[in-house]
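Here is how the chains run, residue by residue.
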Amino acid sequence: MASEGVLNVLPTADGHKPMPSLVEVSAALPSECLGARFIQGADGGITIIAGTVDALYKLDTSTSPWSFIDISKAGGYAVPTGDRWSFALFGNNLIAANLGGVLQSYDITGSGSFADIAGSPVCRMVWVSGDYLVCGYLDGLALTIKWSGLNDSSFWTAGKRGSDTQTFPDGGPVQSGFGGQTGGVVMQRDKMRYMNFAPNSGMTFTFSEANNERGILSQYSVANVGPSQFFYLSKDGFYMGIQGQPIGAIRIDEWFFKEVDSNYLYDVRAVLDPYEKIVWWSYRTINGTKRLLGYNWQVNKWCHSDQDLTEAAALLTPASAWDSLDALYPTIDDIDVPFDSRIFKGGSPAFAAFTTDHKLAYFTGAPLAATLKTAEIELSKGTRSFVNGARAEVDTIDFTAKVGQSDYHGGTITNDTAVAPSPRSGKIPFRSSGRLHQFTVNIPAGTAWTSIKGISPDFVAEGEQ
């Protein structure tokens with residue numbers, strides 16, 4: 001029996017597996033993280049950059065615990081309320097943008113600090129298209145993009161060296177964008193446009209409509225897997241790709257728009273978990289809590305988590321030598337993750353987050369407390385059923401389960417007390433009579449398990465009532 005309501009588990013081809021908990025690896029940032037980015041140098045070394053409302057930081061893995069070094073320009077920053085840092089790697093320079101000031105540049109081959117790019121635009125987002133750095137949503141010009149000179153993020157004189165500006169006549173504010181060697185895609189609130197590299201036309205780029213029916217609801221709600229595969233939240237649900245293939249219709253869209261606080265739709269943020277092949281959306285619920293909604297694009301399944309975090313990011317793990325583990329753990333007995341965990345392997349892709357107390361953490365810990373709930377099922381077609389037990393298809397007996405019943409379609413489900421399976425037979429001792437039944441399995445946090453495929457009830461028909 002498949003599970004319809006799941007929490008803190010990850011989808012697999014034939015069921016679900018545990019969702020790891022967060023493992024904190026750093027001291028706290030002074031305030032909430034408003035964007036993070038990793039850089040992998042030519043020598044394979046990993047640098048992690050994080051931004052707050054007034055500063056930019058680099059992770060220092062030589063301290064115990066890991067800490068953050070302020071590498072801001074002199075005087076720091078003032079990111080406007082509701083805005084965040086946007087990063088793009090352009091050659092050997094990491095470019096950072098927000099609507100609080102001109103572009104910032106950091107030489108990844110050195111050990112200096114970020115600095116102003118004099119004469120550059122003030123913009124909300126940056127990306128790279130071919131050999132040009134592109135700025136989207138210019139300050140006061142929400143429908144405008146501007147790009148740099150050829151191979152030069154410091155050159156912004158329009159009409160020279162390929163640099164220019166494009167203002168779109170419609171489509172709403174520029175929400176996001178990404179590029180490739182031949183151009184890219186510009187995403188607006190109500191449509192998407194191709195950005196085509198066209199030097200033979202006398203212009204650097206030309207633009208054409210890619211999808212004039214669908215755009216991006218939130219500027220942060222798009223996650224790019226590859227040149228033609230990206231996922232995003234639009235005004236009526238979740239979609240994939242330029243053509244707008246629905247991935248949430250019928251399954252999740254209606255539920256999501258009832259669950260999310262509509263006043264914070266602008267803050268719905270997407271991030272990739274490259275290891276699990278899941279795109280996660282972080283959002284605020286109507287009761288003020290933060291939740292994660294995930295879509296596994298390989299198995300075409302959704303998942304859900306109640307992890308509360310302030311920022312999520314796809315980061316590589318910095319290397320940790322065995323003789324430096326004391327920077328993370330006081331003693332060997334305090335190491336609460338497997339020694340083969342990705343957190344100890346430098347350069348491994350991992351889903352990371354900043355916790356509510358502003359510490360960097362990776363989803364590499366022990367399993368979270370998991371809940372799996374079935375739909376309301378009429379076990380005997382057209383009549384009542386008596387359930388006298390069940391077996392969960394899970395590789396542990398360290399769980400509890402409960403059965404709920406209702407006497408008619410649309411009625412309230414009444415749940416019995418949760419019980420544990422028999423340690424001898426593994427059978428769950430249910431006794432329940434009703435027309436509809438619903439089964440819930442709860443696996444405690446930290447339990448060692450690897451797979452659950454469903455629950456199989458034992459039942460007999462009771463006759464029409």
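Student: What is the right way to read the overall build of the protein from this model?
Tutor: Regarding its fold elements, the protein presents one helix and 38 strands. For 465 residues, the compact-globule estimate of 2.2 N^0.38 gives 23 Å, and the C-alpha radius of gyration of the protein, at 25 Å, lies within 12% of that figure. Overall, the protein is about 85 × 55 × 35 Å in size when its C-alpha atoms are taken along their principal axes. Of all 465 residues assigned to the protein, the portion counted as buried reaches 54%. Here the protein displays about 20100 Å² of accessible surface, and carbon together with sulfur accounts for 49% of that area. Across the protein, the centroid of the 35 positively charged side chains sits 5 Å from that of the 47 negatively charged ones.

Student: What should I look at first to understand the sheet that holds strand β30 (residues 349-355) in this one?
Tutor: Hydrogen bonding along the main chain pairs the strands of a sheet, whether they run parallel or antiparallel. Strand order in the open sheet made by the four strands is β4-β31-β30-β29, with antiparallel pairing throughout. In this open sheet, the two edge strands, each paired with only one partner strand, are β4 (20-28) and β29 (309-316). On average, adjacent strands in this sheet sit at an angle of 40° to one another, irrespective of strand direction. With seven bridges connecting them, β29 and β30 associate as antiparallel partners. Residue A313 lies in a different strand from β30, and its bridge partner there is A352.

Student: I'm lost on unusual backbone geometry in this one. Help?
Tutor: Peptide bonds are mostly trans, and most non-glycine residues show a negative phi. Here the amide bond leading from S64 into P65 is cis, since omega sits at -5°, within 30 degrees of zero. Within the secondary structure, P65 is located in the loop between β7 (56-60) and β8 (67-70). Positive phi outside glycine occurs at I250, with the angle close to 70°. One can find I250 in the loop between β24 (245-246) and α1 (253-259).

Student: What should I look at first to understand the environment of I286 in this one?
Tutor: Of note, I286 is situated in the loop between β26 (278-284) and β27 (290-296). Accessibility expressed as a relative area gives 60% for I286, which makes it exposed. The spatial distance from the C-alpha of I286 to the C-alpha of V9 is 23 Å, given a sequence separation of 277 residues. What I286 contacts, discounting residues up to four positions off in sequence, is K258, E259, V260 and D261.

Student: I'm lost on the layout of surface pockets in this one. Help?
Tutor: Any space left empty among the atoms is revealed by the rolling of a water-sized probe across them. For the largest pocket, the calculated volume is near 1400 Å³. Forming the boundary of the largest pocket are 39 residues, of which R37, F87, V222, N224 and A270 lie nearest the centre. At the level of secondary structure, the elements contributing two or more residues to the lining of the largest pocket comprise β5 (36-40), β9 (86-90), β13 (123-129), β17 (174-180), β21 (222-226), β25 (269-273) and β29. Residue composition of the lining of the largest pocket, grouped by class: 25 nonpolar, nine polar and five charged.

Student: Help me understand the environment of F231 in this model?
Tutor: Examined against the element boundaries, F231 turns out to sit in strand β22 (residues 229-234). Between the alpha carbons of F231 and A27 there is a distance of 32 Å; along the sequence they are 204 residues apart.

Definitions and limits used
- Residues numbered from 1 in each chain as written.
- Predicted model: local features only at pLDDT ≥ 70, side-chain atom pairs only at ≥ 80, totals over all residues.
- Heavy atoms only, no water.
- Helix = DSSP H or I, 4+ residues; strand = E, 2+ residues; numbered from the N terminus.
- Rg over C-alpha atoms; globule rule 2.2 N^0.38 Å.
- Buried < 20%, exposed > 50% of the residue type's maximum accessible area, 1.4 Å probe, protein only.
- Areas by Shrake-Rupley, 256 points an atom, 1.4 Å probe, with all protein chains shown as cover.
- Lys, Arg positive; Asp, Glu negative; His and termini not counted.
- Charge placed at Lys NZ, Arg CZ, Asp CG, Glu CD.
- Pairing = 2+ DSSP bridges.
- Axes fitted to C-alpha atoms, helices over the stretch in contact; angles between N-to-C directions.
- Contact = heavy atoms within 4.5 Å.
- 1 Å grid on protein atoms, 1.4 Å probe; cavity = no way out; pocket = protein on both sides within 12 Å on 5 of 7 lines; lining within 4 Å.
- Points joined across faces, edges and corners; volume = space filled by probe spheres on them.
- Nonpolar A, V, L, I, M, F, W, Y, C, P; charged D, E, K, R; others polar.

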